[in-house]
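# Structural overview
So you can see what is in the structure, the chains are spelled out below.
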Amino acid sequence: MSLSRFTILLFLSVAWISNAGATEPSTADVAQQVDQALAADLFDENTKLAPRTNDATFARRVWLDIVGDIPTPEELTSFLLDPAPNKRESLVAKLLADPHYGQNWSRYWRDVILFRALDERAQLVANPLEADLGKWLNENRSWNEIATEFITSHGDVREVGGTAIMMAQDGQTEEIAAEVSRIFLGVQIQCAQCHDHPYDRWKREQFHELAAFFPRVTVRPVRDLTKRSFEVVGQDRFRRAPRGNNVERQPTAEHMMPDLEDPQAPGTQMEAKFFLTSSTVPWGTTDDQRRMQLAAWLTENEWFATAVVNRLWAELLGEGFYPSVDDIGPDREPTAPTAVKLLGEQFQASGYDMKWLIATICQTEAYQRESRPRRELEETPFTANVPQRLRSDQLYNALLSALDSAEQAPNGQQYLRGRRGSPRGKFGEVFGYDPSIAREEAASSIPQVLALMNSGDVNRAVVQNRLNTLGELLATTPDDDELTTELFLRCLCREPTKKEIGTIRKYVKGASNRREAFEDLAWSLVNSAEFQHRN
Amino acid sequence: MNQIHHITNVATRQGRVIRRRDFLRQLTAAGLAAGTMSWTDAIAASSEQMRSRGMACILLWMSGGPSQFETFSPKPSHANGGETKAIPTNIPGIQIAENMPHCAKVMDSLAVIRSMTSKEGNHLRATYLLHHGYLPMGGVNFPTLGSNVAHQIGDAANQLPSYVRIGGRLPSSGGGGFLGVDYDPLVLQSATRPPENTTPLTDTKRYERRLRLLNSLQGNFASTGGEQIVADQRKLVEQASDMIMSPRMEAFDVEREPAKLREAYGQSDFAAGCLMARRLVEQGVTFVEVVSNGWDTHFDGFNRGRELTTQVDQPTAMLITDLKQRGMLDKTLVVWMGEFGRTPRVNPRAGRDHYPRAFNAVVAGGGVRGGQVIGATNDAGTEVIERPVAVTDLFRSIYHSLGIDADQENMSRIGRPIKLVDGGEVVRELFT
């Protein structure tokens, strides 16, 4: 429940229990097969592959990717000094067992869902979503079980994180259908909402047949004097036809496809039919059964596995197999068809094991290559990893970790107001972005630059005082080069280059005093593009 | 004074042809290169010219879909008109809703388009459409209108951003898209709260030293895959620093206006936004968007309509008046619109639902002939019966007013050329 990182640390001692079966395909074998498939799909003798990244870059990358934070100098050093040949694999396993893994990825999915919310009050579900999904991920519940929760949940949105999609879409039948398809299948069938799509096979009827799984869902205020909340309800008893405005927001027994020529007309009643398999449920099926049935059909479909495989691959390598993480499907061409098919099938064979999937991707050579600038369209994909801008929570964690600041836990009132009440939430308002958009389009902005440069909250740690880390380092590290190295390790997880040491020496000489010089260095490091990206 | 005030002294006449002639006459002989300049070059130079002309656009965005019946198209003699009455304006024969008495007094500057029509009744898609001139399309990250305008005629030398959006994040309203970070809007939560974090934490000298240190520490990342990222970030740091060090930052402070003028704009947040918009345009900002929220009036539409119009009527009219008095109206196009209109039939909860088939947009300034109504709907307000105006037509007209060739193509990141507007025609009546 709590957002406090300190509290989360207390859970470190609690081991997660993997439900991974013994028959799972080996991550090492599959990683190797994926690399071979990439080579077959894409590379030839002229392809220049970036070399394997060094240990320090790998450590920072995998720390940010799995637990959403940067390593401490101690953690980093012990990894660098570890002589074991399989230490990268062990590190990945260790990080996947850390509860911050679930927290990091639940925040990722929270953004996937809530950045498309129809209105601001959906933020009420943010904290429960983060808590519940984080727990499921740490328990390593399979992805099909998790998807089923999101498709079938009901209840108070302040208590049940699984209601997030319904809440974000305000219980609106068509919007829910569109989001469920987008998030779990990667198929943007809602383009067919108003007309048959010119480039896709989906017909307008098929979209409305998918919507027909959700007409009975509604979001309504909780009648309770002590709190303001909403609940997701599946209604199965209808006394009369709904009337009045907002008809689309009222639950109905069956979904009606509007008549485009006459929006006032009642429209055509649609059968609940899953567009990928054409399976149907009978008229009058209850809300529970409808949604359970859809979840069952959807989660056994190949696009369900492909969508999440493509999404995680894109998040970890900077580019997906398909140009977009939420616009895939039979009418889109993947860049590496054999590789994505293989990884999708093996993920399915693993029992939709998310930790297995991440471990496998992190073990590929493709993941472990050095980063290069995002490729041009005509260049070969996956010859290198790609530097990625940190998501808001990763950046916030990195700021806290770099100079050992404690996160202010939101007080009870702030927590109840949802995510936006906390300092982390406010940071997210400036730095957050929709993780489903192409990453190169998640541009930085002037308010972000200003917040990092000039906000007192962000900069409290880079001003020396007797109680903070910078103050302690200044007092206990008389040697300037050593202090420079320490600050580089803390902020950028690497040692400074010779050139950088030279720059800092000169800077210290020119500054009015040592304290100021190192405050300026700490400020510059957290404001650097390197700090704000994972390489 | 800086270059933005060196506006070329071309008499502002209406019509593109005359302007082109004016600008050709003004080009130096060297620039003309003895008649070797092609028409495309001339078009390209035309936007140069507009830059120096200081053309600007203020978009007043009514988020949620304003009711045409309660604003610029009352239908008092039909049941669909509800309880809203019509009032005369300062142009004989043109009536608008009683909720807009201030706008009625500047009708001579306004062109009301009563025949806007589209098919998008979903807030997000319609907001996208009315901001981009395109519907969202997978794989193409279209720049939004303000970003395109900033890209075409923004003054890159100005210390303030070329595109400012006042009123917080607006889903689907877009940004620089494939044009890049340079053309993203600077988003302000509210005009009553100036941009945050604009005061350096140290004195100026030390701040400048810090910036130099920061710059010298970016090289390593730039050489290990982060070249473009570092270049972008340097640009932003530079822009942000220029901005906060600039005396023009005062443009964000509406408190500097005389109390009397502030009063004349009115009390709402939107009023402060309009005033800030004028101040920003005065300081060379090319595109300012001011957002008014809450127009999605499914319930209690007449009362809420009155509240909303009270917030926007006076500031909108005063903005026009103020721009005119300062001689800025000819160079500043003001556009008032939302993502769609509302249903002619009043629903049982005294509200109106979404209606894209017939709605309003109002334009003023920027060479637009005021005092006219374009298009009409039938008595019931359900159908456009005269001069339908599509979203692409409106967008073409906006670009036309700003001296931008809407057929220009930008290259999207996937290597596909994208016109500023695909299809549509300029609404000629606006400019004649």
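Thresholds applied
- Residues numbered from 1 in each chain as written.
- Chains lettered and ligands numbered in written order.
- Predicted model: local features only at pLDDT ≥ 70, side-chain atom pairs only at ≥ 80, totals over all residues.
- Helix = DSSP H or I, 4+ residues; strand = E, 2+ residues; numbered from the N terminus.
- Buried ≥ 20, exposed ≤ 12 C-beta atoms within 10 Å, placed from the backbone.
- Contact = placed C-beta atoms within 7 Å.
- Pairing = 2+ DSSP bridges.
- Nonpolar A, V, L, I, M, F, W, Y, C, P; charged D, E, K, R; others polar.
- Axes fitted to C-alpha atoms, helices over the stretch in contact; angles between N-to-C directions.
- Parallel < 35°, antiparallel > 145°, perpendicular 65-115°, else oblique.
- Left-handed = near helix turned anticlockwise from the far one by under 90°.
- Domains from an automatic or database assignment.
- Expected span 1.5 Å × (residues − 1).
- pLDDT = per-residue confidence, 0-100.
- Arc of directions from axis to C-beta.

Scanning chain A for helices and strands turns up 25 helices and seven strands. Looking at chain A as a whole, 51% of its 535 residues are labelled buried. Considering only residue pairs separated by 6 or more positions, chain A has 70% of its internal contacts joining residues 24 or more positions apart.

Attention now moves to the pairing of strand E5 (residues 163-166) of chain B. Residues and elements named next belong to chain B. Here E5 shows no split at all, with Tyr163 and Arg165 on one side and Val164 and Ile166 on the other all buried. Where E5 lies against strand E7 (residues 287-292), four bridges are found, and the strand directions are parallel. Residue pairing in the sheet places Arg165 in a bridge with Glu289 of E7. Here E5 runs beside strand E6 (residues 186-188); their pairing, made up of three bridges, is parallel. Looking at E6, one finds that Ile166 is bridged to Leu188.

Our next topic: the interface of chain B and chain A. It is common to report an interface's size as the accessible area lost on association of the parts. Contacts between chain B and chain A engage 46 residues on the former and 44 residues on the latter. Sorting the residues of the side of chain B that touches chain A by element identifies E6, helix H7 (204-216) and helix H8 (219-245) of chain B as the ones contributing at least two each. When residues in the side of chain B that touches chain A are grouped by element, the largest group, 15 residues, is from H8 of chain B. Among the residues forming the side of chain B that touches chain A, the class breakdown is 17 nonpolar, 20 polar and nine charged.

So, about the sheet that holds strand E2 (residues 217-221) of chain A. All names here are of chain A. Here three strands make up an open sheet; going across it, the order is E1-E3-E2 and the pairing antiparallel. The open sheet has two edge strands with one neighbour each: strand E1 (155-156) and E2. Summarising the sheet, E2 and strand E3 (residues 230-234) pair through five bridges and their orientation is antiparallel. Residue pairing for E3: Pro221 is matched across the bridge by Phe230.

It is worth spelling out the packing of helix H13 (residues 302-317) of chain A against helix H15 (residues 354-363) of chain A at this point. Residues and elements named next belong to chain A. The interhelical angle for the contact between H13 and H15, taken along N-to-C directions, is 45°, at an axis separation of 10 Å. By the angle class used here, H13 and H15 are oblique. Note on packing geometry: the crossing formed by H13 with H15 is right-handed. The segment H13 lies against H15, with Val309, Leu312, Trp313 and Leu316 engaging Leu357, Ile358, Ile361 and Cys362. Classifying every residue of the contact of H13 with H15 by side-chain character gives eight nonpolar, no polar and no charged.

On to the domain arrangement of chain A, then. All names here are of chain A. Entries for chain A in the domain assignment read domain 1 (5-97 + 301-386), domain 2 (101-299) and domain 3 (392-534). Taking only C-alpha atoms, the centre of domain 1 and the centre of domain 3 are 27 Å apart. Domain 1 puts 20 residues into the contact, and the matching count from domain 3 is 18 residues. Going through the elements one at a time, helix H1 (5-10), helix H3 (55-67) and helix H4 (73-81) are the ones with two or more residues in the side of domain 1 that touches domain 3. The greatest single-element share of the side of domain 1 that touches domain 3, amounting to six residues, is contributed by H3. Classifying every residue of the side of domain 1 that touches domain 3 gives nine nonpolar, four polar and seven charged.

Residues and elements named next belong to chain A. Running from N to C, helix H2 (residues 27-42) and helix H14 (residues 337-349) point in directions that differ by 160°, and their axes come no closer than 7 Å. In terms of axis orientation, H2 runs roughly antiparallel to H14. For the pair H2 and H14, contact is made by Val30, Gln33, Val34, Ala37, Leu38, Ala40 and Asp41 and by Pro337, Thr338, Ala339, Leu342, Leu343 and Gln346, respectively. For the contact of H2 with H14, the residue count by class is nine nonpolar, three polar and one charged.

Along the polypeptide, Pro171 of chain B turns up in the loop between E5 and E6. Put simply, Pro171 of chain B and Arg125 of chain B are 46 residues apart on the chain and 9.8 Å apart in space, counted from C-alpha to C-alpha.

Let's shift gears to the environment of Asp313 of chain B. All names here are of chain B. Of note, Asp313 is situated in helix H11 (residues 301-325). Placed 166 residues apart in sequence, Asp313 and Ser147 show a C-alpha to C-alpha distance of 27 Å. When residues no more than four places from it in sequence are discounted, the contact partners of Asp313 are Asn99, Met100, Pro101, His102 and Cys103.

Moving on: H7 of chain B. Owing to its 3.6 residues per turn, the α-helix aligns residues three or four sequence positions apart on the same side. Taking 1.5 Å as the rise per residue, H7 of chain B with 13 residues should run 18 Å; its terminal C-alpha atoms sit 18 Å apart, in good agreement. Regarding H7 of chain B, the residues found buried are Tyr207, Arg209, Arg210, Leu211, Leu213 and Leu214 of chain B. On its buried face, H7 of chain B is in contact with helix H24 (498-510) and helix H25 (514-527) of chain A together with H8 of chain B.

As a further point, take the confidence of the model for chain A. Residue and element names in this part refer to chain A. Per-chain confidence: chain A averages 88 in pLDDT, with 89% of residues scoring 70 or above. Predicted confidence is poor over residues 1-21, with pLDDT under 50, and the contacts of this stretch with residues over four places away or in other chains come to 28 contacts. Predicted confidence is poor over residues 244-248, with pLDDT under 50, and the contacts of this stretch with residues over four places away or in other chains come to 12 contacts.

When we look at burial in helix H19 (residues 423-431) of chain A, the residues that qualify are Arg424, Gly425, Phe427, Gly428 and Phe431 of chain A. Seen end-on, H19 of chain A carries its buried residues on one side only, within an arc spanning 155°.

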